[in-house]
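Tertiary structure, described
Read off the chains here:
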Amino acid sequence: MTAAFAISLFACVLFTPPVMALAHKLGLYDKPSENKLHSRPTAMLGGLSVLAATLLGVWLLIPASGLLRLMALSVGLVALMGLYDDIKPVAPLWKLLGLVPAAVAAILLWPVSIPPLLWPVLILAFLFVTNSVNLLDTIDGLTGLMTALSAAALGTMASFQGLSELSVAAFAVSGACVGFLFFNWRLILPAAVFLGDMGALALGAALFILAAYLAQYATTPADYVAILLPIGLVTGNAFLTMYIRKRKGLKALARSKDHISERLYRDGVPAPEVTVWMGLVTLVSCVAGVVAWVASSLPVEMVAISIGVFGIGYIAFYSFNLDLPPESSPRYREKTICRIITRFDVGGPSQHCIYLANTLEKMGWETYLMHGNIDPETESSMEYLAEREGVNTYRIEAMQREARPLADLRALWQLYRTIRQIRPQIVHTHHAKAGTLGRLAAALCGVPIIVHTFHGLSLRGYFGPVKSRIFLAMEQICARVSSVLVTIGPNDRDELIQMKVAPPSAFVTIPLGLPLERFAETGNQRAQFRDELGLDEDEQRIVYGGRMVPKKNVPSFIDMAAKVLQQRDNLRFLLVGDGPLRGELETQASALGIADRATFYGVTNQMEGVYAAADIVVLCSQREGMPVTMMEALAAARPVVCTNVGNVTNSVIDGVTGRLVPPDDTDALTEAVLTALDDYEGSLAMARAGQKHVLESFSIGTLTERLDALYDALKCQGEYVDPGGCAGARCSRPTTPGDVVV
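What counts as what
- Residues numbered from 1 in each chain as written.
- Predicted model: local features only at pLDDT ≥ 70, side-chain atom pairs only at ≥ 80, totals over all residues.
- Heavy atoms only, no water.
- Helix = DSSP H or I, 4+ residues; strand = E, 2+ residues; numbered from the N terminus.
- Buried < 20%, exposed > 50% of the residue type's maximum accessible area, 1.4 Å probe, protein only.
- Contact = heavy atoms within 4.5 Å.
- Areas by Shrake-Rupley, 256 points an atom, 1.4 Å probe, with all protein chains shown as cover.
- Lys, Arg positive; Asp, Glu negative; His and termini not counted.
- Charge placed at Lys NZ, Arg CZ, Asp CG, Glu CD.
- Pairing = 2+ DSSP bridges.
- Axes fitted to C-alpha atoms, helices over the stretch in contact; angles between N-to-C directions.
- Phe/Tyr/Trp six-rings, centres within 6.5 Å; stacked < 30°, edge-to-face > 60°.
- Right-handed = clockwise from strand over helix to strand, strands pointing away.
- Salt bridge = Lys/Arg side-chain N within 4 Å of Asp/Glu carboxyl O.
- pLDDT = per-residue confidence, 0-100.
- Core = buried A, V, L, I, M, F, W, Y, C linked by side-chain atoms within 4.5 Å.
- Expected span 1.5 Å × (residues − 1).

**Details of the overall build of the protein**
The helix and strand inventory of the protein stands at 27 helices and 15 strands. Taken along its principal axes, the extent of the C-alpha atoms in the protein is 110 × 45 × 45 Å. Looking at the protein as a whole, 58% of its 742 residues are labelled buried. Considering only contacts in the protein between residues 6 or more positions apart, those separated by 24 or more positions represent 73%. A total accessible area of about 30300 Å² is found for the protein, and carbon and sulfur atoms account for 60% of it. Taken as two groups, the 60 positive and 66 negative side-chain charges of the protein have centres that lie 9 Å from each other.

Here it is, written out as structure tokens:
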């Protein structure tokens, strides 16, 4: 029996790819179902590979068997009828009549003579079991998994009885189904090939033949029950379905979705979870059947049968008592979004998510913002902003920035349970960790629209080659379950395409948007904030704003400050923010002798006053997404100097709205700051051009309109058109300080 299982398993693995190619060549597809159980059309000839693999496994081990001829003819006729129904659906009654020849062929080839009076009973039983299996063929992998378990249980019973031919046939069926699961069952991706009626009906016929053949060797009523237990959930599902249809006033052969798997799914249980639960119940009933078959003690038989019957009865009873929505209603909640971010640390992504959730609520979307935890020793939190904006937030306790496998698995489970409870139409993720766990959880829950925004990239230069390759592979998997990938600038998009994360068609570029208008009205705060800092009227203030972490390269700012102070003495430097490197930076400033000219201000939620008091705002990062500091500074009409990294050119255009320098070049940074000071009127002109540019292009209103348009396009499976007139990815940008267009 092990050989039969292995031969059919590997045969199915080998047969399925050419069968898929044949199905694609012939154009045989299963259209996505109304309930979105399959998110894309899938090839329908999967049953052919299962059937061929099964027959090959039996033929190689028992080539002259009468059982082989019986299965080949009867199951083959059923498969042909199923294939016809796949290509051109027929009425249920006509499909049943089309299966009668297969039942008659089975009776004629049966190893013992069957009295004609029993023919109608066997034909009806054949049709019932065959179609019972077909009822389960709605969720990827469910039919294959349950049939593999049932066939293996019947094969085990046959081996204990010394029926080697029957055991070989049963394990050949089981092995073929397990082989097919490699291609058919997808936890987070739609199946590549589908069983269809052809495969499901064929498996149903095979199970009937195996069970009926074994029933000839039953000696007690308990033996008959033991044989039925491995297919008890399958047949019980059919009885329940007909009973529910009768209560609804429908015909027994109506196409209404009343079987257990569909009822669980419509109640909100994700497809993988339906498969797991029904697979576990099948496993329990199969084990119970085997124990009852081989046990010599009547009490043991009764206990085993009771356990099997209880498991089947419980899931049937649970399904029957579900209060389901109408069949035509979607399983998700319309216009509901779960937005997921790794943590509310100080920065642009946190602000982006919080403000966006607030403004989308005003446009009729119901939004839920899910987040993990910050590291209080190295990061500051922006949870206060979410509370102030009145956003619905859910804390995912196990989610954090660092990669910790056990904690990440707990976070995945927590996300899965929360998304399953909310049942959103859209899940939109931000940050790398939230993007990975959130998209996997959303795919497991069957969320129809999954979106991810890249706020800068960490796939290169952050980790060693092995970790980088692993993270890239994970990103490629997550990209496959995403409806669309959003980048905040064309540079990120081009780099992701170059790394083969996804094809160009998978991307849309939508820049950040923030409530920047408040920074444009801060002129009256300048004197107040400068007085608070103790600045003289003739002193100029150069400001750094951001986290004090390695990628921000704040030591370069300190070095630049020391060099600039060698040529000018009316300057003060202000470092706003906090982070793990703050102590080292303070030591560096003292070592360079500029501690009295460099003020470490810490974290503040009064950035309007900071920009109002600033004369130049500097950012010296080695890596960025789309830095909020530059957008805010330009909105406040402050001159800016910035390293040319990430998508900073969305807002800072060299020589037009500010000055750009290469990263890790302190001399170039120093020269740019001195030039900005020497030509301060020119710097202010650039800042005014930048102010107009960012207020028109990167406001929270513009962002909300763009994402609302994107979500609507995804809902109707249309093409996204930027409501601002851009082609979805790129906007025109100013070319001179006086030429500002969007």
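Next comes the rest of the write-up.
**Things to note about the sheet that holds strand β12 (residues 598-602)**
In space, the six strands of this open sheet follow the order β12-β11-β10-β13-β14-β15, with parallel pairing throughout. For this open sheet the edge positions go to β12 and β15 (659-661), each flanked by a neighbour on one side alone. Direction aside, neighbouring strands of the sheet carry axes that sit 20 degrees apart on average. With three bridges joining them, strand β13 (residues 616-619) and strand β14 (residues 640-643) adopt parallel strand pairing. In the strand pairing of β14, Leu-619 is matched with Cys-642. On top of the sheet, helix α25 (residues 666-678) reaches β10 (540-545), β11 (571-576), β13, β14 and β15; it is set at about 165 degrees to β15, its chief contact.

**Some points on the packing of aromatic side chains**
Taken as a whole and assessed by the stated rule, the structure comprises twelve aromatic pairs. For the pair Trp-365 and Tyr-711, a centre-to-centre distance of 5.3 Å together with 65 degrees between the ring planes defines the contact as edge-to-face. Placement of Trp-365 in the loop between α14 (348-362) and β4 (366-371) and of Tyr-711 in helix α27 (residues 700-715) is noted, with a sequence separation of 346 residues between them. For Tyr-711, a relative accessible area of 0% corresponds to the buried category.

**Some remarks on the sheet that holds strand β6 (residues 424-430)**
Reading across the sheet, the seven strands line up as β5-β4-β3-β6-β7-β8-β9 and stay open at both edges, with parallel pairing between neighbours. Every interior strand has two partners, whereas the edge strands, β5 (393-395) and β9 (507-509), have only one. Taken pair by pair, the neighbouring strands of this sheet meet at an average axis angle of 25 degrees, ignoring direction.

**Re the pairing of β6**
With seven of seven residues buried, β6 lies mostly within the body of the structure. Pairing between strand β3 (residues 333-341) and β6: six bridges, direction parallel. Its bridge partner being in β6, Ile-340 is matched across the sheet by Thr-429. Pairing analysis gives five bridges linking β6 to strand β7 (residues 449-454), with the strands arranged parallel. Residue pairing across strands places Thr-429 opposite His-452, the latter belonging to β7. Following the backbone out of β6, through helix α17 (residues 432-444) and into the adjacent parallel β7, one traces a crossover that is right-handed.

**Considering the pattern of salt bridges**
Oppositely charged side chains can form a pair if their charged atoms are brought close together. On inspection of all chains with the given rule, the structure shows 25 salt bridges. Residue Arg-245 pairs with Asp-258 through a salt bridge whose shortest N-O separation is 3.8 Å. On the criterion of sequence distance, the pair formed by Arg-245 in helix α10 (residues 232-247) and Asp-258 in the loop between α10 and α11 (260-266) is long-range, its members being 13 residues apart. The residues Arg-245 and Asp-258 share a single accessibility class, namely buried. Put simply, Arg-597 and Glu-539 hold a salt bridge, and the shortest N to O gap is 3.1 Å. Here the residue Arg-597 occupies a position in the loop between α22 (582-591) and β12, and Glu-539 occupies one in the loop between α20 (526-533) and β10, the gap between them amounting to 58 residues. Since its relative accessible area comes to 23%, Arg-597 is described here as partly exposed. One network of salt bridges, with partners in common, ties together Arg-245, Lys-248, Asp-258 and Arg-263.

**Side note on the environment of Gln-567**
Inspection of the secondary structure assignment puts Gln-567 in the loop between α21 (554-565) and β11. Assessed through its relative accessible area of 60%, Gln-567 is described here as exposed. In the structure, Gln-567 is positioned 510 residues away from Gly-57 in sequence and 86 Å away in space, judged by C-alpha atoms.

**Observations concerning the pairing of β14**
Because side chains alternate across β14, one face comprises the buried residues Val-640 and Cys-642, and the other comprises Val-641 and Thr-643, equally buried. Regarding the hand of the β-α-β motif, the stretch spanning β13, helix α24 (residues 628-635) and β14 is right-handed. Note that β14 and β15 share three bridges and pair parallel. What sits directly across from Val-641, in β15, is Arg-659.

**Some thoughts on the confidence of the model for the protein**
Here the protein shows a mean pLDDT of 87. Residues at 70 or above account for 93%. Below pLDDT 50 for its whole length, residues 727-742 participates in 36 contacts with residues either more than four positions away or in separate chains.

**Quick look at the nonpolar core**
Leu-214 and Met-278 are the most contacted members of the largest nonpolar core, which totals 106 residues. Ranked by residue count, the leading element in this core is helix α8 (residues 196-215), at 14 residues. Ignoring any residue separated from it by four or fewer positions in sequence, one finds Met-278 in contact with Leu-136, Leu-142, Met-146, Leu-233, Ile-260, Ser-261, Leu-264 and Ile-315. Counting 93 residues, the second largest nonpolar core, distinct from the first, contains Ile-542, Ala-614, Leu-619 and Cys-620.

**Overview of the side chain of Asp-345**
One can find Asp-345 in the loop between β3 and α14. Setting aside residues up to four positions removed in sequence, Asp-345 forms contacts with Ser-350, Ile-374, Glu-379, Ser-380, Met-382, His-431 and Arg-547.

**Remarks on helix α6 (residues 142-160)**
For α6, which comprises 19 residues, the first-to-last C-alpha distance of 28 Å matches the rise-based estimate of 27 Å (1.5 Å per residue) to within 8%. Within α6, 15 of the 19 residues are buried, leaving the element largely enclosed by the surrounding structure.

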